[in-house]
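Tertiary structure, described
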Amino acid sequence: MKKFMIVFVALFGAAVAQESFKCPDDFGFYPHDISCDKYWKCDNNVAELKTCGNGLAFDASDPKYLTENCDYLHNVDCGDRTQLEPPISTPHCARLYGIFPDENKCDVFWNCWNGEPSRYQCSPGLAYDRDARVCMWADQVPECKNEEVANGFTCPAAGELANAGSFSRHAHPEDCRKYYICLEGVAREYGCPIGTVFKIGDSDGSGNCEDPEDVPGCEDYYGDLDLKSIRKSELLAGLQGEGRKKGTNKGAAASS
């Protein structure tokens, strides 16, 4: 009982010390001593305790304490400020604010703002890495099940394909535009540029992206889309991009 009272008094004393925070200056934003999602707002030398949104933390990196900024937890170095408000969850959101992986699909993640989730999906062959919080090759994401990597496609065994070496290309069984690349036995899913489909090559494990009319069985892949206009617009966009780069280089050279 005596030990309990000592602990209680110590905690009560720490709480009182925090609640009686004295502003170092007339105006500013100061981190809470023990909570990462709380901070003090000082206005005219009067302190007000504030709490960031659930899933956000107070960014105390401004040495002048003039910035009021709550950011995603993973973006803030909390240091010794380890306490957080209990999580408030909604469907797909572990907290009201944050970026969270999907519960079932490793290539899907959710960006949650005030409990409202927005769904994002990685490009073919990629999966959401929970630590780096970016899309990476699916085979490099530990949480990705084997059957989810490249949709369960299995690369040929070493030496099974003649003249293929450690690198080979393979058609997707259902989608003309997609194909797999096997690199040292690891399968990764790719997609051909819009307007083209994957054509199996003459030798085992080879192939390239070609016009649909040149690939038997994939002639109608794009339906009624005007592929000539699509290719022309992409070509023009590429030429304009090159023109902008050249113009930028000329401007840089002239200003130096």
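Residues numbered from 1 in each chain as written. Predicted model: local features only at pLDDT ≥ 70, side-chain atom pairs only at ≥ 80, totals over all residues. Heavy atoms only, no water.

Taking an unreviewed UniProt entry as the reference, the protein chain is identified by name as Chitin binding Peritrophin-A belonging to Musca domestica.

To continue, consider the overall build of the protein chain. Helices and strands together make up the secondary structure of the protein chain, namely 2 helices and 15 strands. Sorting the 256 residues of the protein chain into buried and exposed places 30% on the buried side. Of the contacts formed within the protein chain by residues at least 6 apart in sequence, a portion of 32% connects residues at least 24 apart. When the accessible area of the protein chain is evaluated, it comes to approximately 16700 Å², of which 52% is carbon and sulfur surface. (Helix = DSSP H or I, 4+ residues; strand = E, 2+ residues; numbered from the N terminus. Buried < 20%, exposed > 50% of the residue type's maximum accessible area, 1.4 Å probe, protein only. Contact = heavy atoms within 4.5 Å. Areas by Shrake-Rupley, 256 points an atom, 1.4 Å probe, with all protein chains shown as cover.)

This paragraph deals with the sheet that holds strand β7 (residues 108-113). Ordered in space as β6-β7-β8, the 3 strands form an open sheet in which the pairing is antiparallel. A single partner strand is all that each edge strand has here, and the edge strands are β6 (98-101) and β8 (116-121). With direction set aside, neighbouring strand axes in the sheet form an average angle of 25°. Inspection of the sheet shows β7 paired to β8 by 6 bridges, in the antiparallel sense. Looking at the pairing, cysteine 112 lines up with proline 117 of β8. (Pairing = 2+ DSSP bridges. Axes fitted to C-alpha atoms, helices over the stretch in contact; angles between N-to-C directions.)

Bringing the side chain of serine 35 into the picture now. Checked against the element boundaries, serine 35 lands in the loop between β1 (28-31) and β2 (38-43). Excluding residues within four positions of it along the chain, serine 35 makes contact with Arg81 and Gln83.

Glancing now at the environment of asparagine 151. Counting through the fold element by element, asparagine 151 comes out in the loop between β10 (134-137) and β11 (167-171). Of the residues examined, asparagine 151 reaches a relative accessible area of 52% and is grouped as exposed. For the pair formed by asparagine 151 and alanine 187, sequence separation is 36 residues and the distance between their alpha carbons is 9.5 Å. Leaving out residues up to four positions away in the same chain, asparagine 151 has contacts with His172, Tyr180 and Glu189.

A few words on the packing of aromatic side chains. When we look at a pair of aromatic rings, we describe it by the centre distance and by the angle of the planes. The full count for this structure, using the stated rule, is 14 aromatic pairs. Among the aromatic residues, those joined into a ring-pair cluster are Phe21, Tyr30, Trp40 and Tyr65. (Phe/Tyr/Trp six-rings, centres within 6.5 Å; stacked < 30°, edge-to-face > 60°.)

Here the focus is the sheet that holds strand β13 (residues 186-191). As summarised here, the arrangement of the 3 strands in space is β11-β12-β13, forming an open sheet in which the pairing is antiparallel. Every interior strand has two partners, whereas the edge strands, β11 and β13, have only one. Direction aside, neighbouring strands of the sheet carry axes that sit 25° apart on average. Relative to β13, strand β12 (residues 178-183) runs antiparallel, the two sharing 6 bridges. Bridging from a neighbouring strand, tyrosine 179 pairs with tyrosine 190 of β13.

Here we come to the environment of arginine 188. Counting through the fold element by element, arginine 188 comes out in strand β13. Dropping the residues within four chain positions of it, arginine 188 is found in contact with Trp137, Asp139, Gln140, Tyr179, Tyr180 and Ile181.

Turning our attention to the nonpolar core. Phe29, Tyr39, Cys52, Leu56, Phe58, Tyr72, Leu96 and Tyr97 together form the largest nonpolar core, which totals 8 residues. Filtering out sequence-adjacent residues up to four positions away, leucine 96 remains in contact with Asn54, Ile88, Thr90, Cys112, Trp113, Asn114 and Gly115. Listed in part, the 6 residues of the second largest apolar core include Cys176, Val197, Val215 and Leu227. (Core = buried A, V, L, I, M, F, W, Y, C linked by side-chain atoms within 4.5 Å.)

Let's shift gears to the pattern of salt bridges. Summed over the entire model, instances satisfying the criterion amount to 2 salt bridges. Here lysine 178 and glutamate 189 are joined by a salt bridge, their closest N and O atoms 3.6 Å apart. Of this pair, lysine 178 sits in strand β12 while glutamate 189 is found in strand β13, placing the two residues 11 residues apart along the sequence. The class for glutamate 189 is buried, based on a relative accessible area of 6%. (Salt bridge = Lys/Arg side-chain N within 4 Å of Asp/Glu carboxyl O.)

With that settled, consider the confidence of the model for the protein chain. Looking at the protein chain, pLDDT values average 81 and 78% of them are 70 or higher. No element of the protein chain has a lower mean pLDDT than helix α1 (residues 2-19), which averages 41, and none a higher one than strand β4 (residues 56-58), which averages 98. Note that pLDDT drops below 50 for residues 1-18; the model gives that stretch 3 contacts with residues more than four away or on any other chain. Between residues 244-256, whose pLDDT stays under 50, and residues either more than four places distant or in other chains, the model counts 0 contacts. (pLDDT = per-residue confidence, 0-100.)

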